[in-house]
Amino acid sequence: MTHKLLHIAPDEKFIDSAIDLFESTTPGQHTFVILLPLGIGRPTLVKQVHRITCFHDQADSLRGLVAVVADYDAVVIHYLNGPAKRFISMCPTDTRLLWLAWGFDLYHPFPIFEASMFQSETKKILREMAGGRFRPKVREIKTLIKAQLFRLSVPFSSTINADLRVVRRMHACATVLPDEWPIVRQLGFKGRFFRFNYGWVERLLPAKNPEIRVSGSNILVGNSSTPTCNHVEIFEMLSKFDLGARKVIVPLSYGDLNYRPHILRRGRELLGTAFMPLENFMPIADYMKLLESCGTVILNHHRQQAVGNIIASIHMGAKVFLNECNPCHAFFSRIGVRLFSLQRDRVQLSRFDEGLADHIVQHNRSCLRSEYSKEVSMQRTRSIVQYLFAQGGT
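Throughout what follows, the structure given in this document is the object of discussion. Nothing here was measured: the structure is a model prediction, and the numbers come from that model. (Residues numbered from 1 in each chain as written. Predicted model: local features only at pLDDT ≥ 70, side-chain atom pairs only at ≥ 80, totals over all residues. Heavy atoms only, no water.)

Let's talk about the overall build of the chain
Item 1. Across its full length, the chain carries 18 helices and 13 strands.
Item 2. The C-alpha radius of gyration of the chain comes to 22 Å, within 12% of the 21 Å expected for a compact globule of 394 residues.
Item 3. Intrachain contacts of the chain at a sequence separation of at least 6 include 70% that bridge at least 24 residues.
Item 4. On the chain, roughly 17600 Å² of surface is accessible, and the fraction owed to carbon and sulfur atoms is 54%.
Item 5. Here the chain holds 49 positive side-chain charges and 35 negative ones, and the gap between their average locations is 4 Å. (Helix = DSSP H or I, 4+ residues; strand = E, 2+ residues; numbered from the N terminus. Rg over C-alpha atoms; globule rule 2.2 N^0.38 Å. Contact = heavy atoms within 4.5 Å. Areas by Shrake-Rupley, 256 points an atom, 1.4 Å probe, with all protein chains shown as cover. Lys, Arg positive; Asp, Glu negative; His and termini not counted. Charge placed at Lys NZ, Arg CZ, Asp CG, Glu CD.)

This is the structure we're talking about:
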């Protein structure tokens, strides 16, 4: 019997890494399907087009995909978005499913997590985006009430209940951090946990210069045009410092396009000529060159996000500041990485010219290799595949 896995994924840049990992562990036993919006002919972000098949997020197309599910041991869901949920809802109830959770698909559909995502200035922007209808306090109270009803399993939203049914159908779930397993458990998930990362530390670094070190004192803030970055609070903090000729580099090339104009306006107001937004996609080599110029990296998320940026920046020797609400802070601290807290290390934040000592950089790199080397990533992938093949044979 030939074992096979069906992978359902969006057109996202991370998928090429997943293809490489799964095909390296068990070559020829994986079918990758990219679900595209109706009217889109081919993917733009996934580059290995010879290794993928495309279906559209449309009933007839999804039914055609569901028809072949029985030919596979299990289905791996890369990011639980709307198209993936619609596909799952059409699958037979005995379909074995594994969810590779990214972040947004875990935190944002459920009110139990929403209330703690945004800081005060970001809430003001969300209110502006809603035309004044977003009342932070009122919404926060409503969200807290919903969260309590959620904990008590009181039905109050057909959409949320449908999302919960999808999560509870999963036989297994792989998260970016083990610290997220209790979060998934709060959704009523009772399956098996794994870890999975889209890539490995060597892949994040320039192939020609993997030992690259930061060589500038610019400042990176956030990783995308999403409110969970809580940009403005950091802009206000930085506006009180003498930035000199430094640039505050702010990636905004993807995310919420309605949020981006607000960050562009507030960044220019608070930081003036120091503000350097990145509004267009750029080749990874060019982005890494910019990252090389950033001796300080500030990520003000309250949830797991931007792990690739965190790993690359730490490996390059940057001073990385994380919000302690972010489970990444506890995780990276626990594995021995020397990083900084936005709550407790404000003095260090203003010392832009003080880089990390060489022995600390080398220690951090050793910690990262123990968790994110290609060998470790392949072993985690192999564990997932072996579990699903074993389950498929029962």
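Some details on the nonpolar core
Item 1. Of all hydrophobic cores here, the largest spans 38 residues; its most connected members are Leu6, Ile8, Ile77, Leu80, Phe87, Trp99 and Met170.
Item 2. Sort the elements by how many residues they give to this core and helix α8 (residues 158-169) lands first, with four residues.
Item 3. Those residues within four positions of isoleucine 77 in sequence are excluded, and the remaining contacts are Ile8, Ala84, Phe87, Ile88, Leu98, Trp99, Leu100 and Met170.
Item 4. Counting residues in hydrophobic clusters, the runner-up holds 34 residues, among them Ile314, Phe332, Leu339 and Cys367. (Core = buried A, V, L, I, M, F, W, Y, C linked by side-chain atoms within 4.5 Å. Buried < 20%, exposed > 50% of the residue type's maximum accessible area, 1.4 Å probe, protein only.)

Some thoughts on helix α17 (residues 358-372)
Item 1. In this model α17 runs 21 Å from its N-terminal to its C-terminal C-alpha over 15 residues, within 8% of the 21 Å that 1.5 Å per residue would give.
Item 2. When we look at burial in α17, the residues that qualify are Val361, Asn364, Arg365, Cys367, Leu368, Glu371 and Tyr372. Each buried residue of α17 lies within a common arc of 160° when the element is viewed along its axis, so the set occupies one face. (Expected span 1.5 Å × (residues − 1). Arc of directions from axis to C-beta.)

Thoughts on the pattern of salt bridges
Item 1. In total, this model carries 19 salt bridges according to the counting rule given.
Item 2. One salt bridge connects glutamate 269 with arginine 265, and the closest N-O pair in it is separated by 3.6 Å. Note that glutamate 269 and arginine 265 are positioned in helix α12 (residues 260-271) at a spacing of four residues, about one turn of the helix.
Item 3. Taking the relative accessible area as the measure of exposure, glutamate 269 reaches 48% and is therefore partly exposed. (Salt bridge = Lys/Arg side-chain N within 4 Å of Asp/Glu carboxyl O.)

Considerations on empty space enclosed by the protein
Item 1. Evaluation of the coordinates by the stated rule reveals two cavities of 30 Å³ or more.
Item 2. Computed from the structure, the second largest cavity encloses a volume of approximately 40 Å³.
Item 3. What lines the second largest cavity is simply Ile8, Ala9, Pro10, Leu35, His78, Tyr79, Asn81, Pro83 and Ala84.
Item 4. Elements represented by at least two residues in the lining of the second largest cavity include exactly β1 (5-9) and α3 (82-90).
Item 5. Among the residues forming the lining of the second largest cavity, the class breakdown is seven nonpolar, two polar and no charged. (1 Å grid on protein atoms, 1.4 Å probe; cavity = no way out; pocket = protein on both sides within 12 Å on 5 of 7 lines; lining within 4 Å. Points joined across faces, edges and corners; volume = space filled by probe spheres on them. Nonpolar A, V, L, I, M, F, W, Y, C, P; charged D, E, K, R; others polar.)

Thoughts on the layout of surface pockets
Item 1. Considered as a void within the structure, the second largest pocket measures approximately 180 Å³ in volume.
Item 2. Every residue lining the second largest pocket is listed: Pro10, Asp11, Glu12, Leu35, Leu36, Pro37, Ile40, Arg42, Thr44, Tyr79, Asn81 and Pro83.
Item 3. Across the lining of the second largest pocket, the residue classes tally to seven nonpolar, two polar and three charged.

Quick notes on the sheet that holds strand β3 (residues 52-56)
Remark on secondary structure: sheet strands pair via backbone hydrogen bonds, oriented parallel or antiparallel.
Item 1. The strand order β3-β2-β1-β4-β5-β6-β7 describes an open sheet built from seven strands, whose pairing is parallel. The sheet is open, and its two borders are formed by β3 and β7 (192-195), each paired with just one other strand. Strand-to-strand twist in this sheet, taken as the mean axis angle between neighbours without regard to direction, amounts to 25°.
Item 2. Here four bridges tie strand β6 (residues 172-175) to β7, and the two strands are oriented parallel to one another. In the sheet register, alanine 172 faces β7, and the bridge partner there is arginine 192.
Item 3. Packed on one face of the sheet, helix α2 (residues 59-66) meets β1, β2 (30-36) and β3 and runs near 135° to β3. (Pairing = 2+ DSSP bridges. Axes fitted to C-alpha atoms, helices over the stretch in contact; angles between N-to-C directions.)

Thoughts on the environment of asparagine 309
Item 1. With respect to the helices, strands and loops of the structure, asparagine 309 is situated in helix α14 (residues 307-315).
Item 2. Asparagine 309 gets classed as buried once you look at its relative accessible area, which sits at 14%.
Item 3. Separated by 55 residues in the primary sequence, asparagine 309 and tyrosine 254 place their C-alpha atoms 15 Å from one another.
Item 4. In this structure asparagine 309 touches Leu220, Asn223, Tyr287 and Leu291, once residues within four positions along its chain are discounted.

Brief notes about the sheet that holds strand β13 (residues 340-341)
Item 1. Taken in spatial order, the six strands make up an open sheet running β10-β9-β8-β11-β12-β13, and their pairing is parallel. Looking along the sheet, the strands with just one partner apiece sit at the ends: β10 (275-278) and β13.
Item 2. Pairing of strand β8 (residues 218-221) with strand β9 (residues 248-251), which is carried by two bridges, proceeds in the parallel orientation. Each bridged residue has a counterpart across the sheet, and for leucine 220 the counterpart in β9 is isoleucine 249.
Item 3. Strand contacts of helix α11 (residues 231-238): β8, β9, β10 and β11 (294-299), with the helix running at about 155° to β8, the strand carrying the most contacts.

Let's talk about the packing of helix α6 (residues 120-129) against α11
Item 1. Between α6 and α11, whose axes approach to 6 Å, the crossing angle comes to 130°. On the basis of their axis angle, the class for α6 and α11 is oblique. Remark: the crossing between α6 and α11 carries right-handed chirality. Residue-level inspection shows Ser120, Glu121, Thr122 and Ile125 of α6 in contact with α11, the latter providing His231, Val232, Glu233 and Glu236.
Item 2. The residue inventory of the contact of α6 with α11, partitioned by class, reads two nonpolar, three polar and three charged. (Parallel < 35°, antiparallel > 145°, perpendicular 65-115°, else oblique. Left-handed = near helix turned anticlockwise from the far one by under 90°.)

Here we look at unusual backbone geometry
Item 1. Positive phi values are uncommon outside glycine, yet tyrosine 79 reaches one of about 80°.
Item 2. Within the secondary structure, tyrosine 79 is located in the loop between β4 (74-78) and α3.

Nothing here speaks to function; it is geometry throughout.
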